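# Per-entry structural report
So the chains spell out like this:
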Amino acid sequence: MSEIIIRGGGPLEGSVEVQGAKNSVLPILAATILHPGQVALRGCPHLSDVDASIRILRHLGCQARWEGDELLVDSSALSRWDIPDHLMREMRSSVIFLGAILARMGWAEMSYPGGCELGPRPIDLHLAVLRKLGADLREEGGHLRCTAQHMEGREIALSIPSVGATENAILAACGAEGETVLVNAAREPEICDLQNFLQAIGCQVRGAGSSTICIQGRRETHDAVHTVMPDRIVAATYLAAVAAAGGTVELRNVDYRHLSTVTAALHEAGCRITGGEGRIALRSDGRLGSAGTIRTAPYPGFPTDAQAILMAALLRSQGTTVFVETIFESRYRHVDELRRMGAEISVADRVAVVTGVPRLSGANVQCTDLRGGAALLVAGLAAEGVTKVGGVRHILRGYEDPVRDLAALGAKIEWES
Ligand code: EPZ
């Protein structure tokens, strides 16, 4: 499965069920460390980032096994507190394990997570929060040695609503004495799902989804079953694919409310969209107009993870759309690959201007990162001719089976080994 081959240009039609959310299940997998017992995660997506997390859990002494799309984790036998370099390098967001390991073990060791395709990925906010809870963190040559024999809850204000730092703070605070109040916390739906999981195992966390989250630490935990929330970015990807190629799509297992800024942009560009309990339907004639200016922002703003995807949907349009990427330093690496298909995009620092063109041509393109790769699939479906997408490993970090899902919408798409 090294390449995906797309024969684009025709309208799509069909219905597809959206997988569980990568950015919810990754912090929840870290959170399983807090309970020395068994949990079952229903609707857990089969992703390479999930596999990487399972390898970390097993290294730490936990058991993890699949039963269909249910992942069973037992952290009773947790015995280690170190994450070796080769496991840290597999997945940048492994830093999310730090707070949970400290809460359970009182020690933690790991190497600095590498940067990634989106530019530097600092963890200064994660470390600042842990230090405020009383952890002693030593950084030596790219290695972190952490001691937290006694963490004390307190009020902590985050300088920016960082998703990962908010999640690490919640998990560490579950091991602290007393109450921790997080101010200026991130409000992403995935943090609400983490709170739901933590409440299910007996932790006392409330306020997720707002900017103020309260955690009462050191609660008795118990076994639980949790269903992972739907992946709103995967949902956005499939809506964008049909918006670009034209046709109709019904998404199942999706929360309309989590996608309101994305559906608003697609509506602005000329799509007809209806949402209901657990479903979204979209219709497009494939000739989109401008979506105006799309400025990424922390939730409930427009999600940075959908920026490349919406850009791809608007390449073949009758208008100009301006993107402003405010979250990551360099999140336009997909632009050169889209230009190979005939896209007209000009980039200056964090601003990208997309001038719609009448047609796109299939080409050989390479994924640059997870969502940039998904954008190439969207553009390939709207392009005339054959598009070969290489570097698909990037896409499999966050999409369980994009060929299966897009083929369900009538796309002419297949794996090429
Ligand atoms: C999470 O990353 C997601 N990853 C990202 O999704 C998503 O793009 C991002 O949140 C924003 O929504 C997971 O949930 C696994 P941040 P995270 O901390 O936690 C800076 C995808 O495609 N920052 O909210 O790393 C940071 O550099 C991925 O699924 C610091 O400066 O994002 C960025 O500019 C990509 N210091 C901004 O804050 C820190 O200590 C927002 O980052 C932490 C972050």
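Before any of the text, the structure's been laid out above.
A quick note: this is a predicted structure, and the numbers were derived from the prediction, not measured. (Residues numbered from 1 in each chain as written. Predicted model: local features only at pLDDT ≥ 70, side-chain atom pairs only at ≥ 80, totals over all residues. Heavy atoms only, no water.)

Turning next to the overall build of the protein chain. Within the protein chain one finds 14 helices and 24 strands. In terms of overall size, the protein chain behaves like a compact globule, its C-alpha atoms giving a radius of gyration of 21 Å where 417 residues would be expected to give roughly 22 Å. Along the three orthogonal principal directions, the C-alpha set of the protein chain runs to about 65 × 45 × 40 Å. Counting all 417 residues of the protein chain, 58% fall into the buried class. Of all intrachain contacts in the protein chain linking residues separated by at least 6 positions in sequence, the fraction that spans at least 24 positions is 72%. (Helix = DSSP H or I, 4+ residues; strand = E, 2+ residues; numbered from the N terminus. Rg over C-alpha atoms; globule rule 2.2 N^0.38 Å. Buried < 20%, exposed > 50% of the residue type's maximum accessible area, 1.4 Å probe, protein only. Contact = heavy atoms within 4.5 Å.)

For the pair helix H6 (residues 163-173) and helix H7 (residues 189-200), the least separation of the axes is 11 Å and the interaxial angle reads 15 degrees. What the angle tells us is that H6 and H7 run roughly parallel. In the packing of H6 onto H7, the handedness of the crossing is right-handed. Only Ile-191, Leu-194 and Leu-198 of H7 make contact with H6, whose side of the interface consists of Val-163, Thr-166, Glu-167, Ile-170 and Leu-171. Classifying every residue of the contact of H6 with H7 gives six nonpolar, one polar and one charged. (Axes fitted to C-alpha atoms, helices over the stretch in contact; angles between N-to-C directions. Parallel < 35°, antiparallel > 145°, perpendicular 65-115°, else oblique. Left-handed = near helix turned anticlockwise from the far one by under 90°. Nonpolar A, V, L, I, M, F, W, Y, C, P; charged D, E, K, R; others polar.)

A word on the sheet that holds strand S15 (residues 247-252). A sheet is described by the order of its strands in space; here four strands give the open sequence S2-S15-S17-S16, paired in mixed fashion. In the strand order of this sheet, the two ends are held by strand S2 (12-17) and strand S16 (272-276), each with one partner. Pairs of neighbouring strands in the sheet enclose a mean axial angle of 10 degrees, with direction left out of account. Sheet topology note: the S15/strand S17 (residues 279-284) ladder contains six bridges and is antiparallel. The residue bridging Arg-252 from the neighbouring strand is Arg-279, located in S17. (Pairing = 2+ DSSP bridges.)

Within H6, ten of the eleven residues are buried, leaving the element largely enclosed by the surrounding structure. Taken residue by residue, H6 has Gly-164, Ala-165, Thr-166, Glu-167, Asn-168, Ala-169, Ile-170, Leu-171, Ala-172 and Ala-173 as its buried positions. The residue sitting at the N-terminus of H6 and contributing the capping side-chain oxygen is Ser-162; that oxygen lies 2.9 Å from the backbone nitrogen of Ala-165. (Polar contact = N/O pair within 3.5 Å; in protein donor to acceptor, adjacent residues only side chain to side chain.)

Of all nine residues making up helix H4 (residues 97-105), eight are buried, and the element is well covered by its neighbours. Here H4 has its buried residues at Phe-97, Leu-98, Gly-99, Ala-100, Ile-101, Leu-102, Ala-103 and Met-105. Note on H4: the residue one or two positions beyond its end, Gly-106, has a positive phi of about 85 degrees.

To continue, consider the site of the ligand. The environment of the ligand is formed by 23 residues, the closest being Asp-124, Leu-125, Ser-162, Asp-305 and Ile-327. Val-163 is positioned with one of its backbone polar atoms (N or O) 2.8 Å from an oxygen atom of the ligand. Take Asp-305: an N or O atom from its side chain is 2.5 Å from an oxygen atom of the ligand. Across the complex, the protein chains shield 85% of the 820 Å² of accessible surface that the ligand would expose by itself. Looking at the shell around the ligand, the element that brings in the most residues is helix H5 (residues 124-132), giving three residues. Classifying every residue of the shell around the ligand gives ten nonpolar, six polar and seven charged. (Near = heavy atom within 4 Å. Areas by Shrake-Rupley, 256 points an atom, 1.4 Å probe, with all protein chains shown as cover.)

Keep in mind that these numbers describe shape and distance, not what the molecule does.
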